[in-house]
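# Structure at a glance
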Amino acid sequence: MDLASFNQASAAEAQAAIAHCVAIPAWQQAVVAARPFHDLAALHCTADRLAQGWQGAELEQALSAHPRIGEKAQGADKEAALSRSEQSAMQQANGALQFAMLAANQSYELHFGRVFLIRAKGRSGEEMLAELQRRLNNDAEIEQQEALLQLREITLLRLKESIV
Ligand code: 2AL
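Cut-offs and rules
Each chain has its residues counted from 1, following the order in which its sequence is written. pLDDT decides what is reported in this predicted model: residues at 70 or higher carry local features, side-chain atom pairs at 80 or more are listed and counted, and totals for whole chains, interfaces and linings draw on all residues regardless. Hydrogens are left out, water is left out, and the side-chain values use all remaining heavy atoms of the structure. Cysteine sulfur atoms are paired as a disulfide whenever they come within 2.5 Å of each other. Three exposure classes are used, based on accessible area relative to the maximum for each residue type with a 1.4 Å probe and protein chains only: buried under 20%, partly exposed in between, and exposed over 50%. Under the scheme used here, helices are H or I runs from DSSP no shorter than 4 residues and strands are E runs no shorter than 2 residues, and both carry numbers assigned from the N terminus. Two residues form a contact once any of their heavy atoms are found within 4.5 Å. Note that the arc is computed from the directions linking the helix axis to the C-beta atoms. Axes here mean lines fitted to C-alpha atoms, for a helix over just the part in contact, with angles spanning 0 to 180 degrees between N-to-C directions. Roughly parallel means an angle under 35 degrees; roughly antiparallel, over 145; roughly perpendicular, 65 to 115; everything else is oblique. In this scheme, a crossing is called left-handed if the near helix is turned counterclockwise away from the far one by less than a right angle; it is called right-handed if the turn is clockwise. Charged residues are taken to be Asp, Glu, Lys and Arg, nonpolar residues to be Ala, Val, Leu, Ile, Met, Phe, Trp, Tyr, Cys and Pro, and polar residues to be all remaining types, Gly included. Stacked, edge-to-face and tilted labels apply to pairs of Phe, Tyr and Trp rings (six-membered ring for Trp) whose centres lie within 6.5 Å, assigned for plane angles under 30 degrees, over 60, and everything in between, in that order. We call a charge positioned above a ring when the Lys NZ or Arg CZ atom is no farther than 6 Å from the ring centre and deviates by at most 35 degrees from the ring normal. We define a salt bridge as a side-chain nitrogen of Lys or Arg found within 4 Å of a carboxyl oxygen belonging to Asp or Glu.

Tallied over the full model, the rule gives zero disulfides. Not part of a disulfide, Cys21 finds its nearest cysteine sulfur in Cys45, a span of 16 Å. Classification of Cys45 as exposed rests on a relative accessible area of 53%.

So this is what it looks like as structure tokens:
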């Protein structure tokens, strides 16, 4: 959808156009309520500012839409398609790397009680595995901040593809 259409759409249509960016309805509604946007930079700036307040509850809410790294998203919906394209580096990863990622994901989930989240676009499988192993050493509070930063990056990237 282009920015002019996003500005003019009904609230429901505008929310539907950005719903797959992140599964946090309060953020979707706040972005829609902040229309109209003068330009894309203003949209991105506001969208990111509205994501700055996210905490643990929002992280839990959002994770439902982010399959594990290396686990191919199922389904034909827009979110699954985005996730597959973001994680395309993992589809090409060799068996050893895929296995190491599976094992590291399990360690992470045992340790932190939620799925490991990282902005996958622009990162190789090796880079994501190294990040996972580094972040396993974080304490819980620092790790939550790192995961929230990754969530904001994924959300902004998806927004930039959704509203043009
Ligand atoms: C994902 C995903 O689906 N896309 C992305 O950038 N990261 N998942 C994840 N667990 O980090």
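By secondary structure assignment, the location of Gln29 is in helix H3 (residues 25–33). C-alpha separation for the pair Gln29 and Met128, spaced 99 residues apart in sequence, amounts to 32 Å.

In this section: the side chain of Thr46. Take Thr46: it is sitting in helix H4 (residues 40–51). For Thr46, a relative accessible area of 13% corresponds to the buried category. Apart from the residues lying within four places of it in its own chain, the contact partners of Thr46 are Ala34 and Phe37.

Attention shifts here to H3. Regarding H3, the residues found buried are Trp27, Gln28, Val31 and Val32. Each buried residue of H3 sits inside an arc of 135° when the element is viewed along its axis, so together they form one side. Facing away from the buried side of H3 by over 90 degrees, the exposed positions are Ala26 and Ala33. For H3, the elements touching its buried residues are helix H1 (3–8), helix H2 (11–18), H4 and helix H10 (140–162).

When two helices pack together, their arrangement is captured by the angle between the axes and the distance separating the axes. Relative orientation of the contacting elements helix H8 (residues 95–112) and helix H9 (residues 125–135) amounts to 25°, with a least axis distance of 10 Å. By the angle between their axes, H8 is roughly parallel relative to H9. Like other packed secondary-structure pairs, H8 and H9 cross with a definite hand, here left-handed. Between H8 and H9, the residues in contact are Leu97, Ala100, Met101, Ala104, Asn105, Tyr108 and Phe112 and Gly125, Glu126, Met128, Leu129, Leu132 and Arg135, respectively. Among the residues forming the contact of H8 with H9, the class breakdown is nine nonpolar, two polar and two charged.

Moving on, we get to the packing of aromatic side chains. For the structure on display, the rule yields three aromatic pairs. Geometrically, the ring pair formed by Tyr108 and Phe112 is tilted, given 4.8 Å between the ring centres and 50° between the ring planes. Within this pair, Tyr108 and its partner Phe112 are both found in helix H8, separated by four residues, close to a single helical turn. Exposure remark for Tyr108: the relative accessible area of 0% places this residue in the buried category. Taken together through their ring pairs, the aromatic side chains of Tyr108, Phe112 and Phe116 make up a single cluster. Here the basic side chain of Arg35 rests over the ring of Phe6, its NZ or CZ set 5.9 Å away from the ring centre.

As a further point, take unusual backbone geometry. Here the bond from Arg35 into Pro36 is cis, since omega is 0°, no more than 30 degrees from zero. Its place among the elements puts Pro36 in the loop between H3 and H4.

Bringing the pattern of salt bridges into the picture now. Throughout the structure, instances matching the rule amount to eight salt bridges. Between Glu131 and Arg134 there is a salt bridge; the shortest N-O distance is 2.8 Å. Separated by three residues within a single helix, Glu131 and Arg134 lie in helix H9, roughly one turn from each other. Two residues, Glu143 and Arg135, come together in a salt bridge whose shortest N-O distance is 2.7 Å. Classification of Arg135 by relative accessible area gives buried; the value is 0%. Look at the salt bridges and you will find they share partners, linking Arg68, Glu71 and Glu109 into a network.

So, to be careful, I would describe these as geometric facts and stop short of saying anything about function.
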